[in-house]
Each structure stands twice: as C-alpha cells, then as structure tokens.
Amino acid sequence: MREPRDSFLSLPFTRPWEKTNYGKASRDVTGSSIVKEAHDCSGARAGYRTAAGRLHNPNHSKSPPRPFNQSSKVNMGGERFNPSSSAYPTHSFAPNPSFPKIHNLDIDHLRAFTANGGQFEDCNLPAMMYDFRSDEEKYIELEVWSAPFVGVGRERESRPSFDEAMKRAEWRKARKGERFGPSWSTHWFRITLRNLDQILRHPAADQHLELHFDCEGEGAVFTPEGLMLQGLTGGGGGDRRVEFILPEAWWSSSSSPTSTERIIYIEAAMNGMFGVPCGDQISPPDPNRYFELRTADIVVPNMTAWRLFWDYTIIADCARELGGWEGEKALGVATKILGTFRRGKKECLEECREVAREFLGGGVDGAEVYRGEGKGEPLVFGIGHCHIDTAWLWPFAETRRKIARSWSTQIDLIKRYPEHRFTASSAQQYAWLKEDHSSPGGLYHHLRETIHSGAFTPIGGTWVECDTNMPSGESLCRQFLLGQRFFEKEFGIRCKVFWLPDTFGYSSQLPQLCRLSGMKYFFTQKLSWNNINKFVYTSFNWVGIDGSQVLCHMTPSETYNAQAHVGDLIRSVTQHKNKGEDPSSLLVFGNGDGGGGPLAQMLEKLRRCRGVSDTVGRLPRVSMGGSVDQFYERLEKRTEEGKTLPNWVGELYFELHRGTYTSQAKTKKGNRLSEFLLRDVEFFASLATIYDSKYEYPKKEIDECWQMICLCQFHDVLPGSAIEMVFDDAAAFHAQIWDRGQRMLASAFKVLGMSSHPSKHTPLAGVSTVAWPRTEVVEVEEEIATSVDKSVVFEQQSGKKYVVLSTESTGVSKVEKKEVQQKGITKEVTVEEVEKGIFVLNNGVLRVKVENGHVTSLYDVEMDREVVAKDGKAGRYVIYDDQPLYWDAWDVEVYHLTGPRTYLDECKTTIVEEGPLRASLLVESKISEHSWIKTTISLDAVLSGADYTHKTTFEKALPMLSFDVEVEWQESRSFLKVEFPTDILCDTASYETQFGINKRPTHFNTSWDAAKFEVVCHKWADLSEHGYGLSILNDSKYGFATHGSTMRLSLLRSPKAPDAHADMGRHHFRYAMLPHRGSISQAAVVRAGYNFNNPLRLRYVPVQDEKFDSLKDLLKSIWIEGADNVVLDTIKRAEDDTDVVVAAGHRPTSCSGTKNKSIVLRLYEAYGGKTKVKVVTTLPVVKATEVNLLEDEITVLDHKRARMDHVTSVAVDFPMGAPEPPCPTFRFFASGFVMILITFFCAIFGFRNGHPLRCLKAKPDITKRE
Ligand SMILES: [Zn+2]
C-alpha cells in the first residue's frame, strides 16, 4: 500500500556539522547584497554573477550601481571605517522604491513562476518549456485495437501479451478525445511517426524529440519487435509520466537517412496507478470507468527551460524550507531569477540559469556534481526505488505489467543518469517478468544486463514483501528459501538486506530467520506510521527472541516514495533519531505502485541539492551511485559492527493496521490450511521417496504450491487490505493448493500402501505427522463408517460415529476393536440439562456449566479450580462498533473497546451429542435479520493415552472444551469477537509466533502497553499465573486481545473498503478452551496447537501383512528424544539432491548436491530454555550436517550408529545466549542413499515483569552416544 505524503514541518536545524557551513556562509554575505543590487536596477534586466564571480549586467554594463557595502565603515567584523560619511545621501534617490521585505508575500510569489496550470501559466516558465507540439497526421497517426474484455475473474485473458495482440489485432483509426473502457480493459495503439527530421530542422529546436501520450491510465511503449521500452502513467499528479524520449536513431538523418516512418505500439490499460476507485483512494473499484485519450503529440521540449525549471524549483524550495541566512539567500536568488526572466524571450533562460548558479554552483547538469568538494561528508545516500504492491487496489495480473512498465523505465533512466542506482525486491516479481518478457533481446535480458552492471540491484531476499505477523515459521523460511535461491540462480547474487518498507509490523523471529538466510541487514520505515508512540531509533541493532540481531535502519525521511524534495533531505537529518551514533541515512526515492520509480526530474533535483550543499552549505550532502548494501556496510563499519548502536529487543510492533489480523477470514483460513497441508505433503512425499525408489518427489508441484502460499502472504493480501478481485484470486490459489496437495498426498499414500478407499484387506488406521504420541476421539464420516467393520466404530445415540485413535510419534496405527478402544477411555462424558436452559457437561476431569449458551463455569475437578471468572460468561460473542479513522480494512481503533457493543445473549441451546465419547450442545444465536451463529460446544471423554505426561516433563494434560462455529455474516463496520473472562491474574499473556512465543502486557500502564490493545497470535494465546493457566486454541484466526483477566479471540470484521464485500457470507472455524496445570512452559500447549490444526487422518492401510510393519517403521523413522520443549516442525527433501533437482524440472549441475537422498529436518526449541535434544533415526545415516535456511552446509556433524537398535542419533545443545556465527542448523547424510539435513531453531521468550529478554540460540554440540 501507499503511504500518505505528509507536509513538511520546518524544524530547528542546529547540528554540529552545520556550524562549519556558517563559517563558509559569512564569505557569501556580499553575495546577498549583490542580490539586492540586482533588485535595485530591476526596471530592466537584473544583474547576475557569472560563473567566475564577476558581476555582469547587460543593461548597465558601463557603471553598475554600487553595492551598499562599498561605502564601508567600521563594523563588528572589523572592516575599515570610511570617514567621508558626508557622501552618504540624506534620503534615497533610487529609481525604484525600497521597502521592508514582506516575507510571506515574497515566498508566495515564488510559486507562480513554475506553476503548471492556473491563471498565470502563460506569463511564466511553463509557457516556454516546449518549442514545438503537434498532433497532425503528417507527424503522428493513431490506430487502436481494443482487446476483448472477458471480465473479472479472467484477469490474464483480458491482458493479451504483445505477441498475442499482434496476432489478433484488427486496427482502426483512433483520435484524441476518444474514450476507452471499461475499467481493467486493455487497448493497443499502433502509432506511426513521420517526418521527424523535418521538425528538428527548425532552428530553435533542441535536438530532442518526445512523444507525449496520455490516456489517463497506465501504459507501456513497445518496439515493433515487442521490446517494452518504457512505462507511462497518465492523468495528473506527481506520478505523471507521459513523455517518451524518441531515440536519436529514429530521427537523426545521419543515422537513418532513408527512414521517414517509425511505428511504435502502446499498450494502454484502463486503470489508474491506484486502480479504479469509485471514490477516494481506497474506495472499492468502479467497474465501469472510461478513460479519455487526452494527449498523443510529438513534442520538442526546450531543455534550457526545463533545466531552469529544476534549478528554480530547488532554490524556491530552499527559500521556503531552509530558514536562516541560507533561506534568505535562496529567496534573494529566486527573486533575482524572476527579475531576469522575460516572457517569450528564450535568450533570458540561460541568463536566469546563470543567476541560479549563485546558489547551486556549476556542474549541476551532470553526475560530476557528486564529485564536487564541500564541507563534511555525505550524510544522505540516495537510492531509486519503486515499491510495487504485488496486489492491492489492482489484481495480480495488473502487477505483472506494472513491474515491466516500471523496470523498463528505470533501465532506460539508468542509461541517461550514470549516478542512478535502483533497487527492487520480491523474487516473484522478477519471476513474472521472466515469464512475460524473456524472448531473446527482450526486457528480461536487459534487466539481467543492468543487474550485472551493478546499477539495478535485487534486494530483500524473499519471494514477496510478505506480512510477517501471520505466516507460519516454515512459511517465512520458504519466503527466504524461494527468494534467495531465485536470485542466486538467475543473477548469481544473494541479497544482503531484508527489505520490508511497507509491511504491517515485524515478528520477533525475523532477526534469526534473516541471519539463517545470509542476511544481517534490515530496512523498513513503516513504524513511522505508528499512531500512538513515536519509534525511538533510526539506526539500531534489532534483537530477535533468540538473541540473533540484525542491523536495522529506518529511513528518517519516513517514506519509500520520496520525491527528492529539499524537505526530504532536511527530514533525513531533523528526523534522524540517533544522529549521535551515526548521522547517515538512506533516502529511498521514486514513485511506487506502477508509478515507474524515480522520475528524471528527481535525479535532476538531487543533483541541484548536492550543488546547494557544496555551494551554500546547510543542506545535508546527498551521495548517489552507491548501493543499499554499501550503505549498510559503511554504517556497520562506522558503528564498530553495531557495537556503538542501541538495541531494540523483541518484535517491532506496528501501532496501526491492527484490523489486518482479522479482515478477510477466508484468505487467512486458506493460508493456515495450505501451510498444514504442505507440511503433510512434504512429510509423506519425503518418506515415500525412501520407501520406493521409483516414486518421484513432486518437487515442481511442491515448489509451485509454496510459491502460491508465499504470494498470498503479500502484505496487502494475507492482511486483507486489497480489493475483492485479489481475494477471488487468492481463493483460487488456495483452492488450487488444496486440490494439488490432496492429489500429491494421495499419490504418496498410494506408494506407501495407504488408501482413502476401503477394501477387504485394508482396514482403517489413523495417521499422524506430529512427532509425539496422541490419543483422540475421531469422528468417522458416514461413507467410511459404512465401509468398515462395525466392531471398530462407536455409534452414539445421535447416530454420529466415532473411534478412539492412538498414534505414537509420527506414524500409523490401526483402529482397534471397540473393546480395546474402550480400555483407553478413562472417564466417559455426560451431558444433562440440570435446569431449564442450564446444561452441565462432565467427564470427571472437567465439569462445564453452560447457561444461556455461555460457559459460566469450567471447573477442574481434581484441582478444585475454577477457570471462568465469577459471574463471567466464557464463549460469549460480542460485536463492537468498528469504525476506524480512515483505513477501513486495515484498522480497528482503540476506541472500539469503549464504544457501543452488543452481546449476543439471546440464544437457544440444545443437546446434540450425549456421550459417552463426545457430548455436545448446539447454541444458536441471531445477530440480525440476515446474520446468525451456530456454535457446537463439545467435551470428549477422558482418554488415558491423551495425557502427555507419559514419559514427558509436561504437567498432566487436561481435556479441551471445543467450539465448532458456523456463521452467516452480513454486517457492516462491526467486529465480532468471542470473549473468555478468566479467574487468572497475570501482567503478561503469551502468544504463539513463528517458532516461539511473544509475551505482551495485559494492562495499559504506559502508552506502549496500551498501543498493543489488539495483537497477533498463531495457533494459540495463553494466560497463565503460577500453577495454572488457560490457552485459547484456534484453527484459522490471528487477532487476539487480553485485557486484565479477559481474553478475546477476534473472529470477523466487516469493513467496506477497499473490498465492499469483505467477509460477507458463510464462515466455518473452530476454537477451544484448553485449561492447563502449571505455567505455560510446563504445559503441552504447543503440541495441542499442532494437534488442533492437524487432525488425525483416517486411511485404509494394509495392516494384515508385513507391509504394515515396514510402513509403520518408515513413518516413525525419525524422532527426537530428551527434550519435550523441542518441536520437529518440518520434514522435507533437500533442495540440491540430484533426484529432487531433476524432479523440479532442472538440469542437475556439478554443484547441485549429491546422488544421496537427503532429508531436511527443521526443529525448534519452543519455550525458551536451555535444552539438549537427541535426534534419532532408524534410517541408515551416512552423514549429518548443519545447514542454514538456504540449505548451505555449515558443518558436518558427528553421528553415532548404535549397534543394538540400529538407530542413528545426533545430540544437540540449545544453550542460552546468541552464539556467533548467528544460528546453526544441521544436516545428516545417511548411508547408502539417505541423508538427513536438520535445521534447528530456538525460540524464546519475551519479557517478564520488565526484565530484559533472556535469549537463547541453537548451537550444535555433538554428544557421542555411548
Ligand atoms: Zn506496500
């Protein structure tokens, strides 16, 4: 999304580095008196100083008026006193009146000179900026072909490629003033240019020809061969870019004497840079917008006028913004230019420029200005950028074209401005460009060349600029793995800077992930949008939950779309929060979102700013030509590798856009489901490759699915802040992932001998992919129930059927006969209506009272402990009035907590399941005429195997009370939450994040605490006091709040912009209350979160023959021992194995790994403590290696093959404190054909009672197993 442009506030500007310029300034005081003199004679042309400093006045060359200070007398500066005071006139005889300066009038007067439009345009500079303009057919002829618009939902079909367009086009004449549409349609123009050489024969014409084309929307210029040359942005505003400079070869008679005609093509898109909003910027799209072809002209600009325009713009900016004597001097010079200017007289333009040099110095017309000498070192490092949202107010399909338009523009600009360096992130965007423009000599070829020249730098290292609040740990790993590997493969580079200027908050796990991905630098600016607290640092060490740190810089100009104004440079100093450590900063300039990046005029303005710094001083010196990497390397060096910088520990919580944890519930659910599905696909597919050498690992499909998951995690998609078309696309991606994932699972299952179809010899079994034992009541679908032996399925009175399933670690276990299952049931569950409307569910461990649909008591029988607050109603729905200040889909504001709210207390409760395995109540609530909620509250029987305490260090696990919810939601600006008032007191609550836990306050002591009134969680949030706690689990939600002892899970919002239909319709989700004994670290909440999101699967397996044993052995062939706080999160095949490389559709290279089959294991310490863990496998390991996220081998580890049990083990130590180098990860090679790679993470913990974070980090320590 795009940031607002705030107005510049002029701030006091007294820093040590400026003082040196004051000294310099005193030498220029006489210059300012010359300015005055020029005014005194301004009845005609004003005088000006030549480059050599000599005073020159064409109208008064004989005897220029005497400057005031020529009658020198004594002054405090010690100048000589002239005693002949009688020479001084008794009153002024000057031909023009002299009067006190009226500052505001003088300043306001400056604007008209360069104002485009307005009543005085014809008297000022804009009237002289073009020497020639024509739309006559003898110079330019227009034809058009309108691509058939096939409508929303078929985005790419409506946007034919150049080749398709040329094949299908049926051209007709077009004319200026014609209107084109509807919204999102595409129109191809064929433009014939003629007689260009004749235009330039005009003696006044600069040898510079442009085509100006403005169809109000976005466009791109193509050669007849299909090479995109440049993007166009029509309409008004600072993003406007309608000029295409015709290459000299097209009109120069010397280069093509016979050429009289040139054909070019323009692809015109009927959408603006920000889509087609029907009202203000974030309004939903207007589907029926038409655009006018306003301009299609051949133009000869007057380049001297343009250069004067840029000169004057900077000087006038300085007059307005610098203050001090330098500001006065700028005002004087600008006023002198006004006095020198003569309407319609071209010869005055160069004279005006000469005046401008008094303030700018010479050399501003070229890059050599950056070699100029000035006082002090450069403080501001400029880098061109074009932040292109991968989807936002336009669909993904339009982004593909925005990228090509913007980058082709920059590749061209780089050729004309040698100091220009441009950077762009997101491997996905490069991949799209490759797909769309990779013909020989095409745009992708030019991009590669420009990258190799060093002028265009990929940055960021991730697949997209993703949200970092909600993606799972593994998803973030894949963002880096896909991103860095793409950049390496395509361009031979790895990014060093993690670049996320616009993402809505930064997870405390990012520093560790960055370091594991080869990056130690991080860039953002988004926290400048905080609406409660101002963030305290500009350059600092950002320390993650494990102690890893990255060098973070947040540009003090507080934008990634800087316009290269004088104000941007001033803000780079005034808003720098810790100049004391190092005052340098990045200036990220250029129009984003398809605006094409920097305009030529930005580069021209920066040259002039540098000229001001070196001539007058005051303005910080800007440096160009360096990369972002170089800026960070310099900063690192100057701060003694960050040692002199302050630290910020933990998440970079963004104090805005808190509604994005909840908006667009279906996209969030699609994300969670996809993440868990891919986890299982990779688990089974990896093992299947070991089980059957003929089975091909579906690497290409897995990659494509991960690419889609990562794409949908873009920072306006997963957060829910885009238009409806984007979420339709995201739903289609998630549906595709689901279908392909299920197919991949089915094919892996087939290889492993498991089936989803019953047969005589393949009885029912349960399958688990989590590395710990679990025992659960599992509902059996009717189709399966009818196919299996009745002796294994329990049927309750309601007709619903269940089995009790136990699995050990990852693996498979058959469904036993009911008598055997029965033995595992410790206590059955019952339900009864004890009074009208009051129900009690009881399994002997928990006794739950439900009154009027709310849980008024959740009682731990053995502990004699009530969980629900006295008179509290847990599971109660509350609907808040939800009207943020502006950003509708993005924001929920703090005042929603004190504003109007409605509790859904009217409901009907009925018993739907009566036990003995599961007891359930159905609670039906009406929200409004069109909206309702049906909640099924269930408690299961107590199962002996469900207790995690068996051979673990966890407290005894308790049953959970689960809520299965169906909602029909047709509301407006309402926020649905479910609340849980508890009888638990603690000043912090715990929230799961990627591979760890964040602790956040439950109080509003300070404004920093209050700002976190709505926060993000993953699979669970927890409130615990000494000895007892309550976790709230969820299957697809991310928003949460704990205020005092009340926990609230955020369920649904109903914003109306930019998607008018956001979240309308039917939703289905689950959550659960899980009470636990002991503190959070003593409870198996992390495991419960996995189980809740990854239900046991029922499959038919060959349990009767020896195949079952081998299958069973294989599925539980990798496990961990000795540390319950370590989670085996991911099992996948290694990227570089030859068979995997081939399966991905690539040719293996000499360095692409091994013929062995390797398996990557990703483990993390989940609670934040020192730990030793043993990774054990029955696979024949030949080698174990530490690897990072990119699967680079770091260290070969020792491993021990035990003779007795034929297992291999590697022991790993998770010590506290961040070791160097950053974070270790591991890799195993296995004998013969199996290799295992292990990635270890450690998680952390947050703050407790204000004490600093304790950090820990994985470090491998191989303990030989005796
Ligand atoms: Zn953005």
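The rules we used
Residues numbered from 1 in each chain as written. Predicted model: local features only at pLDDT ≥ 70, side-chain atom pairs only at ≥ 80, totals over all residues. Heavy atoms only, no water. Helix = DSSP H or I, 4+ residues; strand = E, 2+ residues; numbered from the N terminus. Contact = heavy atoms within 4.5 Å. Areas by Shrake-Rupley, 256 points an atom, 1.4 Å probe, with all protein chains shown as cover. Polar contact = N/O pair within 3.5 Å; in protein donor to acceptor, adjacent residues only side chain to side chain. Buried < 20%, exposed > 50% of the residue type's maximum accessible area, 1.4 Å probe, protein only. Pairing = 2+ DSSP bridges. Axes fitted to C-alpha atoms, helices over the stretch in contact; angles between N-to-C directions. Phe/Tyr/Trp six-rings, centres within 6.5 Å; stacked < 30°, edge-to-face > 60°. Lys NZ or Arg CZ within 6 Å of the ring centre and 35° of its normal. Parallel < 35°, antiparallel > 145°, perpendicular 65-115°, else oblique. Nonpolar A, V, L, I, M, F, W, Y, C, P; charged D, E, K, R; others polar. Patch = residues over 30% accessible without salt bridge, like charges linked within 9 Å, V, L, I, M, F, W, Y side chains within 5 Å. Salt bridge = Lys/Arg side-chain N within 4 Å of Asp/Glu carboxyl O. Left-handed = near helix turned anticlockwise from the far one by under 90°.

A. Up close: the overall build of the protein chain. A tally of helices and strands in the protein chain yields 26 helices and 62 strands. Considering only residue pairs separated by 6 or more positions, the protein chain has 76% of its internal contacts joining residues 24 or more positions apart. For the protein chain, the computed accessible surface area is about 47400 Å², with 51% contributed by carbon and sulfur atoms.

B. Just the environment of Glu 435, in detail. Here Glu 435 shows up in helix 11 (residues 427-436). On a C-alpha basis, the gap between Glu 435 and Arg 400 in space is 9.6 Å, while along the polypeptide they are 35 residues apart. Residue contacts for Glu 435: discarding those within four places in its chain leaves Arg 156 and Arg 400. One polar contact links Glu 435 to Arg 400, side chain to side chain, over a distance of 2.8 Å.

C. A look at the side chain of Glu 968. Tracing the sequence through the fold places Glu 968 in strand 42 (residues 961-969). The exposure class of Glu 968 is buried, given its relative accessible area of 13%. Only 2.8 Å separates the side chain of Glu 968 from the side chain of Gln 970, close enough to count as a polar contact.

D. Inspection of the sheet that holds strand 14 (residues 295-301) at higher detail. Read across the sheet, 4 strands follow the order 3-14-8-11 without closing on themselves; strand pairing throughout is antiparallel. Of all the strands in the sheet, the pair left with one neighbour each is strand 3 (130-134) and strand 11 (243-245). Taken over all neighbouring pairs, the strand axes of this sheet differ in orientation by 30° on average, direction set aside. Pairing geometry for strand 3 and strand 14, over 4 bridges, is antiparallel. Note on strand 14: the bridge partner recorded for Phe 132 is Val 300.

E. Spotlight on unusual backbone geometry. Omega for the bond connecting Gly 915 with Pro 916 falls within 30 degrees of zero, at 10°, which places this linkage in the cis form. Residue Pro 1058 follows Ala 1057 across a cis peptide bond; omega there is 5°. Within the secondary structure layout, Pro 1058 lies in the loop between strand 50 (1046-1052) and strand 51 (1065-1077). Located in the positive-phi region is Glu 641, a residue other than glycine, with phi close to 55°. Even without being a glycine, Asn 852 presents a positive backbone phi close to 50°. One can find Asn 852 in the loop between strand 33 (846-851) and strand 34 (854-860). Under the relative-accessibility criterion, Asn 852 is labelled partly exposed at 36%.

F. A look at the packing of aromatic side chains. Summed over the entire model, instances satisfying the criterion amount to 57 aromatic pairs. A ring pair is formed by Phe 535 and Tyr 537, whose centres lie 6.3 Å apart and whose planes are at 85°; its orientation type is edge-to-face. Its relative accessible area of 5% is what places Phe 535 among the buried residues. Between Phe 995 and Tyr 1164, the ring centres sit 5.1 Å apart and the planes meet at 55°, which makes this aromatic pair tilted. Of the two residues, Phe 995 sits in the loop between strand 44 (988-993) and strand 45 (996-1001) while Tyr 1164 sits in strand 55 (residues 1157-1165), which places them 169 residues apart along the sequence. The class for Tyr 1164 is buried, based on a relative accessible area of 2%. Site record: aromatic cluster; members linked through ring pairs are Trp 407, Phe 422, Tyr 430, Tyr 444, Phe 456, Trp 463, Phe 486, Phe 487 and Phe 491. A cation sits over an aromatic face here: Lys 402 above Trp 394, 4.0 Å from the ring centre.

G. Focus on the packing of helix 13 (residues 473-491) against helix 19 (residues 699-711). Here helix 13 crosses helix 19 at 110°, and the two axes come no closer than 10 Å. Put simply, helix 13 runs roughly perpendicular to helix 19. Contact with helix 13, carried on its side by Glu 474, Ser 475, Arg 478, Gln 479 and Leu 482, involves Trp 706, Gln 707, Ile 709 and Cys 710 of helix 19 and no other residues of that element. For the contact of helix 13 with helix 19, the class distribution of residues is 4 nonpolar, 3 polar and 2 charged.

H. Broad picture of a nonpolar patch on the surface. On the surface, Leu 885, Tyr 886, Val 894 and Tyr 895 cluster together into a nonpolar patch covering about 390 Å² of accessible area. Overall, the relative accessible area of 35% leaves Tyr 886 in the partly exposed class.

I. Layout of the packing of helix 7 (residues 303-321) against helix 16 (residues 600-615). Running from N to C, helix 7 and helix 16 point in directions that differ by 55°, and their axes come no closer than 9 Å. One finds that helix 7 runs oblique with respect to helix 16. In this structure, the crossing between helix 7 and helix 16 has a hand that is right-handed. Two secondary-structure elements touch here, helix 7 through Arg 307, Phe 309, Trp 310, Asp 311, Ile 314 and Cys 318 and helix 16 through Gln 601, Glu 604, Lys 605, Arg 608, Cys 609 and Val 612. Looking at the contact of helix 7 with helix 16 residue by residue, the class counts come to 6 nonpolar, 1 polar and 5 charged.

J. Up close: the environment of Ala 1166. Within the secondary structure, Ala 1166 is located in the loop between strand 55 and strand 56 (1171-1177). Measuring from C-alpha to C-alpha, the distance between Ala 1166 and Val 1127 comes to 6.6 Å, with 39 residues separating the pair along the chain.

K. Region of the structure containing the sheet that holds strand 26 (residues 774-780). The strand order 26-28-27 describes an open sheet built from 3 strands, whose pairing is antiparallel. Taken across any chain shown, the strands that pair with only one partner, and hence form the sheet edges, are strand 26 and strand 27 (794-795). Of the pairings in the sheet, the one linking strand 27 to strand 28 (residues 801-807) comprises 2 bridges and is antiparallel in character. Within strand 28, the residue paired with Phe 794 across the bridge is Tyr 802.

L. Molecular detail of the pattern of salt bridges. Taken as a whole and judged by the stated rule, the model has 88 salt bridges. Here Lys 577 ties to Glu 558 by a salt bridge, and the two come within 3.9 Å at their closest N and O atoms. Within this pair, whereas Lys 577 is found in the loop between helix 15 (566-574) and strand 22 (585-589), its partner Glu 558 is found in the loop between strand 21 (549-554) and helix 15, the two being separated by 19 residues in sequence. Take Lys 577: its relative accessible area is 33%, and that puts it in the partly exposed class. Take Glu 558: its relative accessible area is 15%, and that puts it in the buried class. Put simply, Glu 851 and Lys 849 hold a salt bridge, and the shortest N to O gap is 3.9 Å. Residue class for Lys 849 comes out partly exposed when judged on its relative accessible area of 32%. Connected via shared salt-bridge partners are Arg 159, Glu 218, Glu 267, Glu 398, Arg 401, Lys 402 and Arg 405.

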